[in-house]
Amino acid sequence: MAMASDLDSYPAELSMDEKTLLCKLKIKWESSTWSIRHAKFDEKTAIVFGQALQHSIGVKQLELKYCQLADSGTYHLALAVQSNMSLIKLQLQFAHNLSAQGVEYLAKALTVNSTVQTLDLSKNKLPPEAGKGLQLLLERGSTSLTLLDLSYNHLGVQGTRALACGLLQNTSLQQLKLCSNEITAVGMVHLVAGLKGPTCLSHLDLYFNKLGDAGARLIGAVLKENNSLTVLKLGLNDIGDEGAKHLANGLKDNTSLLEIECGRQQPVDVSLCLVSERFRPSIKSAGQQYWHHGHTKLGESPSAQYHSHDSIAHQEQTGCSSCSKSCKSTQSQRDYGVTRRIIQSHGS
C-alpha cells in the first residue's frame, strides 16, 4: 500500500491511479530515466502508465526490462510514446510476449514521435514476422532515429529481407545492431541490397550470425562501393580463408572503414591482415601486422612513420627504449601502427 507521503511527491495534475502506479513501479517523477523491471503491462496498467508518461516533460530515457507486454498493453504504451516529445531513448529488453504486432504498434508511434534517437529492442526473441514493423519504422519513421539495436532476436531471412527494404528508403539511421539474428548468406543477399540505397549507416554489427564465406564474399563486394561504413563487426560468423580473401579484396579500394572486428574464431588466411599496406600506398612503412584477439580501431594520421616489431608486448610500450632497433615510437605513431590494418583473430 502506497503511503500518502509517497503519493504527495507526484504532481497534483496526476490522477490517484497514476500516482499509485508510479509509486508501485518505484518511479521518481523528477528523474530523467524511468527504469522498470518485472512489471506486467496489461491494458489497464498500460493506459494508466501512458497517461502519466504523457504528463511528463522531463523523462529522457524509458527502460523496460523483463516486463510482460501483451499486445493491448504495447498498443497503449506506443500511444504514450507517440505523444511524448521529451523522450530520447526507448529500451525494451527481455520482454515477455512482445510480438510482431507489438513491434508494429511501436513503429507506427515512432513515425509520429520526432525526438526518440535510440530504439533498443534487443534480447526479445522477436520472430521473423517482426520485420514488417521494422520495415515500416525505417521507411516512414522520424529522421531523429539514429540507432536501432535488434541484437539477440530471431529475424532470420524473412525479417532481414523486410529490414533491408526499409533501409533502402532510410537516410537517417547511423547504427544498426543485428548481433545473433540467425542471418545466413541468403539473408545477407537482402541486407547487401539494402545497403545500396542512400544510406548514411556508419556502424553495422553482424556478430554471431551464420554468414560463412559466402556472406563474407557479399560483404566484400559492398565494401568496394560503400563510403559510409566506418565500423563493421563480423565476429563468430564461420568466416574462413576464402571469406577473408573476399574481405581483403573489398577493402583494397575502401576509404571509409576505420574499424573491423572479427572476434575470436578459427585461424584465417593472413591476407586479411596484410591488406593494410594497400590502404595507404603513400605510407610505405605502415607495417606491424600480427594476430590479435578481439578488434582494432584504425587511426587516420597520414604523417606517422612506423617500423615493424616482433611482439605485441613491445607495441604496448610507450617508447622503444628496450628495443634494439632504432625506432621513433610516440603515442600518435603507435596509434597509426594500426591504421587501416585489419586484424583477424585466431582461436584460443
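Going by the structure above, here's the rest.
Residues numbered from 1 in each chain as written. Predicted model: local features only at pLDDT ≥ 70, side-chain atom pairs only at ≥ 80, totals over all residues. Heavy atoms only, no water.

### Concerning the overall build of the chain
In step 1: Counting its regular elements, the chain contains 14 helices and 12 strands.
In step 2: Buried positions account for 54% of the 348 residues belonging to the chain.
In step 3: Within the chain, residue pairs in contact and separated by at least 24 positions form 80% of the contacts whose partners lie at least 6 positions apart.
In step 4: As presented, the chain carries roughly 15,800 Å² of accessible surface, and 50% of it is formed by carbon and sulfur atoms. (Helix = DSSP H or I, 4+ residues; strand = E, 2+ residues; numbered from the N terminus. Buried < 20%, exposed > 50% of the residue type's maximum accessible area, 1.4 Å probe, protein only. Contact = heavy atoms within 4.5 Å. Areas by Shrake-Rupley, 256 points an atom, 1.4 Å probe, with all protein chains shown as cover.)

### Describing unusual backbone geometry
In step 1: The backbone of tyrosine 152 shows a phi angle near 55 degrees, a positive value even though the residue is not glycine.
In step 2: Within the element layout of this structure, tyrosine 152 appears in the loop between strand 7 (147-149) and helix 7 (156-169).
In step 3: A relative accessible area of 37% places tyrosine 152 in the partly exposed class.
In step 4: In this model, phenylalanine 208 sits at a positive phi of 60 degrees, which is unusual for a non-glycine residue.
In step 5: Mapping phenylalanine 208 onto the fold places it in the loop between strand 9 (203-205) and helix 9 (212-225).

### Some details on the packing of helix 3 (residues 43-55) against helix 4 (residues 71-83)
In step 1: Across the interface, helix 3 lies against helix 4 with an axial gap of 8 Å and an inter-helix angle of 5 degrees. When the axes of helix 3 and helix 4 are compared, the pair comes out roughly parallel. Across the interface between the two elements, Glu43, Ala46, Ile47, Phe49, Gly50, Leu53 and Gln54 from helix 3 touch Ser72, Gly73, His76, Leu77, Leu79, Ala80, Val81 and Ser83 from helix 4.
In step 2: Here the residues of the contact of helix 3 with helix 4 sort into eight nonpolar, six polar and one charged. (Axes fitted to C-alpha atoms, helices over the stretch in contact; angles between N-to-C directions. Parallel < 35°, antiparallel > 145°, perpendicular 65-115°, else oblique. Nonpolar A, V, L, I, M, F, W, Y, C, P; charged D, E, K, R; others polar.)

### Observations concerning helix 3
What sets the pattern is the α-helix's 3.6 residues per turn: residues three or four places apart point alike.
In step 1: Between the first and last C-alpha of helix 3 there are 19 Å, a value that for 13 residues agrees with the 18 Å anticipated at 1.5 Å per step.
In step 2: Of all the positions in helix 3, only Thr45, Ala46, Val48, Phe49, Gly50, Ala52 and Leu53 are classed as buried. (Expected span 1.5 Å × (residues − 1).)

### Notes on the pairing of strand 5 (residues 89-93)
In step 1: In terms of residue burial, strand 5 counts as a mostly covered element, since four of its five residues are buried.
In step 2: As paired strands, strand 3 (residues 61-65) and strand 5 are joined by five bridges and run parallel to one another. Of the residues in strand 5, the one forming a bridge with leucine 64 is leucine 92.
In step 3: Summarising the sheet, strand 5 and strand 6 (residues 118-120) pair through three bridges and their orientation is parallel. Counterpart to glutamine 91 in the pairing with strand 6 is aspartate 120.
In step 4: Where the polypeptide runs from strand 5 across helix 5 (residues 100-110) and back to strand 6, its parallel neighbour, the crossover connection is right-handed. (Pairing = 2+ DSSP bridges. Right-handed = clockwise from strand over helix to strand, strands pointing away.)

### Comments concerning the pattern of salt bridges
In step 1: Taken as a whole, this structure holds one salt bridge when the rule is applied.
In step 2: Residue glutamate 104 pairs with lysine 108 through a salt bridge whose shortest N-O separation is 3.7 Å. Of the two residues, glutamate 104 and lysine 108 are both situated in helix 5; the distance of four residues between them amounts to about one turn of the helix. (Salt bridge = Lys/Arg side-chain N within 4 Å of Asp/Glu carboxyl O.)

### Brief notes about the packing of aromatic side chains
In step 1: Scanning all chains against the criterion turns up six aromatic pairs.
In step 2: Measuring from ring centre to ring centre gives 5.9 Å for tryptophan 34 and phenylalanine 49, while their planes differ by 65 degrees; the resulting arrangement is edge-to-face. On the criterion of sequence distance, the pair formed by tryptophan 34 in strand 1 (residues 33-37) and phenylalanine 49 in helix 3 is long-range, its members being 15 residues apart.
In step 3: Aromatic side chains phenylalanine 41 and phenylalanine 49 sit 5.4 Å apart centroid to centroid with 80 degrees between the ring planes, which places their arrangement in the edge-to-face category.
In step 4: Clustering of aromatic rings is evident, with ring pairs tying together Trp29, Trp34, Phe41 and Phe49. (Phe/Tyr/Trp six-rings, centres within 6.5 Å; stacked < 30°, edge-to-face > 60°.)

### Some words on the packing of helix 6 (residues 131-140) against helix 7
In step 1: Between helix 6 and helix 7, whose axes approach to 7 Å, the crossing angle comes to 10 degrees. Judged by the inter-axis angle, helix 6 sits roughly parallel to helix 7. Within the contact between the two elements, helix 6 uses Gly131, Lys132, Leu134, Gln135, Leu138 and Glu139 and helix 7 uses Gly159, Ala162, Leu163, Cys165, Gly166, Leu167 and Gln169.
In step 2: Here the contact of helix 6 with helix 7 is built from residues that sort into six nonpolar, five polar and two charged.

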